[in-house]
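Residues per chain, in single letters:
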Amino acid sequence: MNRILAYFESIGHAVILAVRSFASLPSAPRILKRTAEHGYYGGYTSLPIVSILSFFIGAVLALQAGISMRDFGAKQFIGTLVGESMARELGPVMVAIILAGRVGSSVTAELASMKVYSEVDALVTMNIPPERLLVLPRLLSVLLLMPVLTIMGVVIGWLGGMVVCQTHSFIGVPPEAYWASLKQFMTTTKMLDGLIKAEIFGFVVMLIACNTGLRTRGGPREIGLAVTKSVVSSLVAILILDYFITQMLA
Amino acid sequence: MSAAKLKTKPSAERQDRSPVGIEVSSLSKGYDHQQVLFDINLAIKPGEIFTIMGPSGSGKSVLLRQIAGLESPDTGKVRINGLDPAEPATRDRFALALVFQAGALFNSLTVYDNLALYPMEHHICPKSEIRDRVMHALQILSIENTFNKLPAELSGGMKKRVAIARALVMEPQLILYDEPTSELDPVMSATIAEIIATLKEQFTVTSIVVSHDRDLALTVSDRVAILRQGRLLAVDTPAAIRSTSDPVIRDFLNPQIDLRNPRFKQLEASNE
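Criteria and cut-off values
Residues numbered from 1 in each chain as written. Chains lettered and ligands numbered in written order. Predicted model: local features only at pLDDT ≥ 70, side-chain atom pairs only at ≥ 80, totals over all residues. Heavy atoms only, no water. Helix = DSSP H or I, 4+ residues; strand = E, 2+ residues; numbered from the N terminus. Expected span 1.5 Å × (residues − 1). Buried < 20%, exposed > 50% of the residue type's maximum accessible area, 1.4 Å probe, protein only. Contact = heavy atoms within 4.5 Å. Buried area = accessible area lost by both parts, 1.4 Å probe. Salt bridge = Lys/Arg side-chain N within 4 Å of Asp/Glu carboxyl O. Polar contact = N/O pair within 3.5 Å; in protein donor to acceptor, adjacent residues only side chain to side chain. Nonpolar A, V, L, I, M, F, W, Y, C, P; charged D, E, K, R; others polar. Patch = residues over 30% accessible without salt bridge, like charges linked within 9 Å, V, L, I, M, F, W, Y side chains within 5 Å. Areas by Shrake-Rupley, 256 points an atom, 1.4 Å probe, with all protein chains shown as cover. Pairing = 2+ DSSP bridges. Axes fitted to C-alpha atoms, helices over the stretch in contact; angles between N-to-C directions. Parallel < 35°, antiparallel > 145°, perpendicular 65-115°, else oblique. Left-handed = near helix turned anticlockwise from the far one by under 90°.

S.K.: Outline helix 9 (residues 220-249) of chain A, supporting the account with residue identities and numerical values.
M.R.: All names here are of chain A. Between the first and last C-alpha of helix 9 there are 42 Å, a value that for 30 residues agrees with the 44 Å anticipated at 1.5 Å per step. Buried residues of helix 9: Ile223, Ala226, Val227, Ser230, Val231, Ser234, Ala237, Ile238, Asp242 and Ile245, and no others. Structurally, helix 9 contributes buried residues whose contacts are with helix 4 (78-116) and helix 8 (188-214).

Have a look at this one:
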């Protein structure tokens, strides 16, 4: 019972944190540099891992689809399957998972450490709201970088699918046919659905990371526990939200 | 180093501000069923240097956090010139500075950026003036050569000095010091004591010092409070505290090292 209450308490704190952070939005021009720094770290330095994973997810998707569709004589739809799966589902989910593991964990560790070693208290006594200095730039940066990372991931995933279709003789779908099939059913709305998901996932992951970090008490052990808690909560939130957003957008 | 080197003048708008007095009434605080502070009543006068002394675990730092508005008391209240210190408006009005025991410097920022953060965030003066203020504060603490270093590159004592310099840059009307001389050598401890006293003379600064340092407490303080097991034992002038007949306070201020203590004899026996 206590754990359930603590869970809802944590959600409440996260909502309050988001409201307080966005209340500082008028000061956004003053935190542009910090927003850009977080964007660089979270976005630019995540590109290699996003590219590698996207490529292989697209490749595996095409390979599995090739094996299954070969039996039904539906190989010409591999492009459609890879295209829609990457754009609407796997692209946003995968980028959000990378964000939780790579960026969310480090944000939680940094903020938890600042909390434990009284740096957050120092900000409070200086009358500098931690939400403005520590949370808002991270939330804004994630809102800016998620669409870019997702589009990159989706396109690279499509390329991975194309390479597999071309190089595996038992699939044998040429690039022209692959792209034609992909474009035939791909619409702007479908791409937008994926980007909406990516924005929501990114925002929630960053909010969980910041909230968990700022609520840490204790010492080094608690910092480690906070990081684990943040990543696990983010992964659970991504998958649960994915179901409901998919249902809403259907 | 002489405290006369302190040349920073309070800004014009700060000179008009009313002196800060603190009132703590019926304050109690506990954590997880463990009561730390019991019914604390204090009235700290504007411009006073007020030192809170007591053994480890007596609740000194917890009391300081209540006064700083970082935590809310379970019962009772703290007021700074009649205002709640937990309110951002109160902190903004009185430029409250807290020198944390471990410094609480921002590890990702250089020493210069640590000191410049407050004036930059509050736009209190132009950038060139911020630089002057920061460098002057570093000079006072004799650490001007650390301005481009990260806190991780500094010793514990240096971090403490940077934390005090950060408070000086704020030109506060209330400074709270949590063990300001711990980890410092005797010379630097004396300098810190001079700075605390000089700030009182030059500006309308009320200082609350939490310390184990008997020399600091009894030299620079206007009044000293002795806290023991969460309760105030005495609040009086250093002279009165020195001459008290209370055996508990006398024992705290003048601990005797007894090498013939039976506990040590037991230790020796167990070693043999």
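After that view, the rundown keeps rolling.
S.K.: Before we move on, can you summarise the interface of chain B and chain A with the specific residues and values?
M.R.: Every contact between the two is made by 20 residues of chain B and, on the other side, 16 residues of chain A. Together chain B and chain A conceal approximately 1,600 Å² of surface at their shared face, both sides included; 58% is due to carbon and sulfur atoms. Taken together, the connections running from chain B to chain A amount to three salt bridges. Viewed at the interface, chain A and chain B are joined by six residue pairs in polar contact (both at pLDDT 80 or more). Every element with two or more residues in the side of chain B that touches chain A is listed here: helix 2 (60-68), helix 3 (88-94), strand 5 (96-99) and helix 4 (111-122) of chain B. Here the side of chain B that touches chain A gets four residues from one element, more than from any other, and that element is helix 4 of chain B. Taken together, the residues that form the side of chain B that touches chain A break down as 12 nonpolar, three polar and five charged.

S.K.: Before we move on, can you summarise a nonpolar patch on the surface with the specific residues and values?
M.R.: A grouping of Ile4(A), Tyr7(A), Phe8(A), Ile11(A), Val15(A) and Val19(A) is seen on the molecular surface, where their side chains present a nonpolar patch of about 610 Å² in accessible area. Tracing the sequence through the fold places Tyr7(A) in helix 1 (residues 2-23).

S.K.: If you had to explain the pairing of strand 9 (residues 231-236) of chain B to someone new, which residues and values would you point to?
M.R.: Put simply, side chains in a regular strand alternate between the two faces of the sheet. Residue and element names in this part refer to chain B. Alignment of strand 8 (residues 223-228) against strand 9, held across five bridges, turns out to be antiparallel. The partner of Arg228 across the bridge, within strand 9, is Arg231. Counting the residues that bridge the hairpin from strand 8 to strand 9 gives two residues, and of these Gln229 lies at a positive phi of roughly 50°.

S.K.: Tell me about the side chain of Lys29(B), residues and numbers included.
M.R.: Here Lys29(B) lies in strand 1 (residues 22-31). Excluding its chain neighbours within four sequence positions, the residues that come into contact with Lys29(B) are Gln35(B), Val36(B), Leu37(B), Val62(B), Gln66(B), Glu71(B), Ser72(B), Pro73(B) and Asp74(B).

S.K.: Could you give me a rundown of the sheet that holds strand 8 of chain B, with the residues and numbers involved?
M.R.: Residue and element names in this part refer to chain B. Taken in spatial order, the six strands line up as 5-6-7-3-8-9 in an open sheet, and their pairing is mixed. Each edge of the open sheet carries a strand with a single partner, namely strand 5 and strand 9. The mean inter-strand angle of the sheet, taken between neighbouring strand axes irrespective of direction, is 15°. Against the sheet, helix 2 contacts strand 3 (49-53), strand 5, strand 6 (174-178), strand 7 (206-210) and strand 8, and its axis sits at roughly 155° relative to strand 6.

S.K.: Describe unusual backbone geometry, with residues and values.
M.R.: Residues and elements named next belong to chain B. For His33, which is not glycine, the phi dihedral falls at a positive 65°. Along the chain, the position of His33 falls in the loop between strand 1 and strand 2 (34-44). According to the relative accessible area criterion, His33 is exposed, its value standing at 89%. Residues other than glycine seldom take positive phi values, yet Glu171 does so here, at roughly 45°. Looking at the secondary structure, you find Glu171 in the loop between helix 6 (156-169) and strand 6. Residue classification places Glu171 among the buried positions, given a relative accessible area of 9%.

S.K.: Report on the sheet that holds strand 1 of chain B, specifying residues and quantitative values.
M.R.: Backbone-to-backbone hydrogen bonds pair the strands of a sheet. The strands run either parallel or antiparallel. Residues and elements named next belong to chain B. The strand order across the open sheet built from three strands is 2-1-4, with neighbouring strands paired in antiparallel fashion. If you trace the sheet from one side to the other, it starts and ends with strand 2 and strand 4 (75-80), each paired once. Here the strands of the sheet are splayed against their neighbours by 20° on average, with no regard to which way each runs. Taken together, the five bridges between strand 1 and strand 4 define a ladder with antiparallel strand orientation. In the strand pairing of strand 4, Val24 is matched with Val78.

S.K.: Before we move on, could you go through the pattern of salt bridges and cite the residues and values that matter?
M.R.: One pass over the structure, following the stated rule, counts 15 salt bridges over all chains. Between Arg88(A) and Glu84(A) there is a salt bridge, with the nearest N and O atoms lying 3.9 Å from each other. A residue pair is termed a helical-turn pair when its members lie 3 or 4 positions apart in one helix, as Arg88(A) and Glu84(A) do in helix 4 at four residues. Residue Arg88(A) is classed as partly exposed on the basis of its relative accessible area, which comes to 27%. In this structure, Arg132(A) and Glu121(B) form a salt bridge, with 2.3 Å as the shortest nitrogen-oxygen distance. You can see Arg132(A) sitting in helix 6 (residues 130-167) and its partner Glu121(B) sitting in helix 4, one on each of two chains. You can call Arg132(A) buried: its relative accessible area is 11%. Linked through salt bridges whose partners overlap, the residues forming this network are Glu84(A), Arg88(A), Lys190(A) and Asp193(A).

S.K.: Outline the packing of helix 4 of chain A against helix 9 of chain A, supporting the account with residue identities and numerical values.
M.R.: All names here are of chain A. Remark: helix 4 packs on helix 9, axes separated minimally by 9 Å, with the N-to-C direction vectors making an angle of 150°. When the axes of helix 4 and helix 9 are compared, the pair comes out roughly antiparallel. Both helix 4 and helix 9 take part in a crossing whose hand is right-handed. Class assignment of the residues belonging to the contact of helix 4 with helix 9 gives a composition of 14 nonpolar, seven polar and three charged.

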